[in-house]
Amino acid sequence: MVHATTPLTMIPCINWLQPLLALISSTLLTRGHNCPSSCMCPDHHTVNCTGQGLTRVPDAIPLNVRRLLLSNNWIPWIPSDFLVLYSDLVYLDLRNNCLSQLEPGTLSTSSRLVFLDLGSNNLTEISSGIFEDSTSLIKLRLGNNPFLSMIDKDAFSGLTSLRELELEGNGLTGLDVSVLKPLLYLKVLRLEGNPWLCDCHFAKLFAWMKENEDKLPMGKLLKEWCSLPLDGQRVPLSLLSEDSFRECRSTLSLTDYLIVIFSGISVSVAAIIASFCLASIVPCFQRLKRGFKGDEEEGID
Ligand SMILES: *[C@@H]1O[C@H](CO)[C@@H](O)[C@H](O)[C@H]1NC(C)=O
Ligand SMILES: *[C@@H]1O[C@H](CO)[C@@H](O)[C@H](O)[C@H]1NC(C)=O
């Protein structure tokens, strides 16, 4: 038996050697530009697995990867320790997969990450603290997740360098503007194409949009809609002003207010039409009157 002849003192040494050997071999493999099968590695720091029909994240990614491109695959899930070894990662593209959630801690070792694309997936919720350690992140794409309707209170805490945030084409009916507070350097926020509900919760977001129109992509706000809570009727945001939400401080609902606005408009239109009619009728009357007078005069004669 091998164990019987091995001196006891060798055992701790072997235990210690194994991870070292693993480290050396992985370093050698990295040196040799080891590339996961079905991916391309055009340079030392890029692993490109775009559109390879992958149904899970690939193994054997070089440890010194900086750009990891995994877009246009069928990846439904990222193990929460997947990124632990890739602490040099700067650019991670997971666009157009079928991710339904991001587990807490997945990004906790990716503090160098500058670009993260999770757009066109099936995320439903952005949970609190998920980006807590993403302090270098500059661009975060979360758009076109049609079921994404929940953004938790502290979802964006930690994103102190973020310049661009994309939330367009999601399922958001509202957004608590306080989640944007940690984003001190935000320059661009895409919000278009969400099924906003124009209730009193929306008032704050609307005020934020008005105040930060320079951060929204040009002209996009004016083409946006929100739906009335009661009948779902869509109202263009361009028709609303902060005054439209005035009743949120009193007892009237927004619907009531809009009815007032629209009935105001209808009354004005009716008044204009009426005055036009009047203007065309009055000369007829005058002529008629003159005709009568003529008859009377003839009668007198
Ligand atoms: C990645 O690969 C795809 C096709 O496989 C190619 O279209 C794309 O340009 C590549 N991107 C980079 C940055 O190499
Ligand atoms: C996306 O998520 C929704 C709601 O959670 C689910 O009904 C749907 O089947 C999912 N679609 C895919 C492609 O995973």
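Please read these numbers as outputs of a predicted model, since none were measured by experiment. (Residues numbered from 1 in each chain as written. Chains lettered and ligands numbered in written order. Predicted model: local features only at pLDDT ≥ 70, side-chain atom pairs only at ≥ 80, totals over all residues. Heavy atoms only, no water.)

## Considering the UniProt feature "domain: LRRNT" (unreviewed entry) in the chain
Phase 1 of the analysis: UniProt tags residues 34-67 as "domain: LRRNT" (unreviewed entry).
Phase 2 of the analysis: Spanning residues 34-67, this segment combines 0% helix with 24% strand, and its end C-alpha atoms are found 15 Å apart. (UniProt positions renumbered as here; feature names shortened; annotations may be inferred. Helix = DSSP H or I, 4+ residues; strand = E, 2+ residues; numbered from the N terminus.)

## Brief notes about the packing of aromatic side chains
Phase 1 of the analysis: For the structure on display, the rule yields seven aromatic pairs.
Phase 2 of the analysis: Residues Phe 82 and Tyr 86 carry aromatic rings whose centres are separated by 5.8 Å and whose planes lie at 70° to one another, so their mutual orientation is edge-to-face.
Phase 3 of the analysis: Arranged with centres 6.2 Å apart and planes meeting at 50°, the rings of Phe 202 and Phe 245 form a pair that is tilted. In this pair, Phe 202 is assigned in helix H3 (residues 200-211) and Phe 245 in the loop between strand E12 (234-236) and helix H4 (254-300), connecting sequence segments 43 residues apart.
Phase 4 of the analysis: Take Phe 202: its relative accessible area is 1%, and that puts it in the buried class.
Phase 5 of the analysis: Members of the aromatic cluster, each reached through a chain of ring pairs, are Trp 196, Phe 202, Phe 206 and Phe 245.
Phase 6 of the analysis: Just above the ring of Trp 225 sits the side chain of Arg 234; from NZ or CZ to the centre is 4.7 Å. (Phe/Tyr/Trp six-rings, centres within 6.5 Å; stacked < 30°, edge-to-face > 60°. Buried < 20%, exposed > 50% of the residue type's maximum accessible area, 1.4 Å probe, protein only. Lys NZ or Arg CZ within 6 Å of the ring centre and 35° of its normal.)

## A few points about the state of the cysteines
Phase 1 of the analysis: Applying the stated criterion across every chain, the model contains four disulfides.
Phase 2 of the analysis: Between the sulfur of Cys 35 and that of Cys 41 lies a disulfide, 2.0 Å long from S to S. One quick way to see it: the torsion about the S-S bond of Cys 35 and Cys 41 is about 85°, and its sign makes the bridge right-handed.
Phase 3 of the analysis: Among the residues examined, Cys 35 registers a relative accessible area of 26% and is labelled partly exposed.
Phase 4 of the analysis: A relative accessible area of 26% places Cys 41 in the partly exposed class. (Disulfide = S-S within 2.5 Å.)

## Some words on the pairing of strand E1 (residues 40-43)
Phase 1 of the analysis: Taken together, the two bridges between E1 and strand E2 (residues 46-48) define a ladder with antiparallel strand orientation. Within E2, the position partnered with Met 40 by the bridge is Asn 48.
Phase 2 of the analysis: Counting the residues in the hairpin turn of E1 and E2 gives two residues. (Pairing = 2+ DSSP bridges.)

## Things to note about the site of ligand 2
Phase 1 of the analysis: By nearness alone, every residue bordering ligand 2 is listed as Asn 122, Thr 124 and Phe 147.
Phase 2 of the analysis: Here an oxygen atom of ligand 2 and a side-chain polar atom of Asn 122 are 2.5 Å apart.
Phase 3 of the analysis: In isolation ligand 2 offers 360 Å² of accessible surface; the protein chains occlude 34% of this area. (Near = heavy atom within 4 Å. Polar contact = N/O pair within 3.5 Å; in protein donor to acceptor, adjacent residues only side chain to side chain. Areas by Shrake-Rupley, 256 points an atom, 1.4 Å probe, with all protein chains shown as cover.)

## Let's talk about the nonpolar core
Soluble globular proteins tend to pack their nonpolar side chains together in the buried interior.
Phase 1 of the analysis: Grouped together as the largest cluster of nonpolar side chains are 64 residues, with contacts concentrated most on Ile 126, Leu 140, Phe 156, Leu 165, Leu 167 and Phe 202.
Phase 2 of the analysis: The element contributing the most residues to this core is H3, with six residues.
Phase 3 of the analysis: If we skip the residues at most four places from it in the chain, Leu 165 touches Leu 140, Leu 142, Phe 156, Leu 180, Leu 183, Leu 186, Val 188, Leu 189 and Arg 190. (Core = buried A, V, L, I, M, F, W, Y, C linked by side-chain atoms within 4.5 Å. Contact = heavy atoms within 4.5 Å.)

## Side note on the confidence of the model for the chain
Phase 1 of the analysis: For the chain, per-residue confidence averages 82 on the pLDDT scale, and residues scoring 70 or more make up 72% of the total.
Phase 2 of the analysis: Predicted confidence is poor over residues 1-14, with pLDDT under 50, and the contacts of this stretch with residues over four places away or in other chains come to zero contacts.
Phase 3 of the analysis: This stretch, residues 296-301, has a pLDDT under 50; its non-local contacts, to residues over four places away or in other chains, come to zero contacts. (pLDDT = per-residue confidence, 0-100.)

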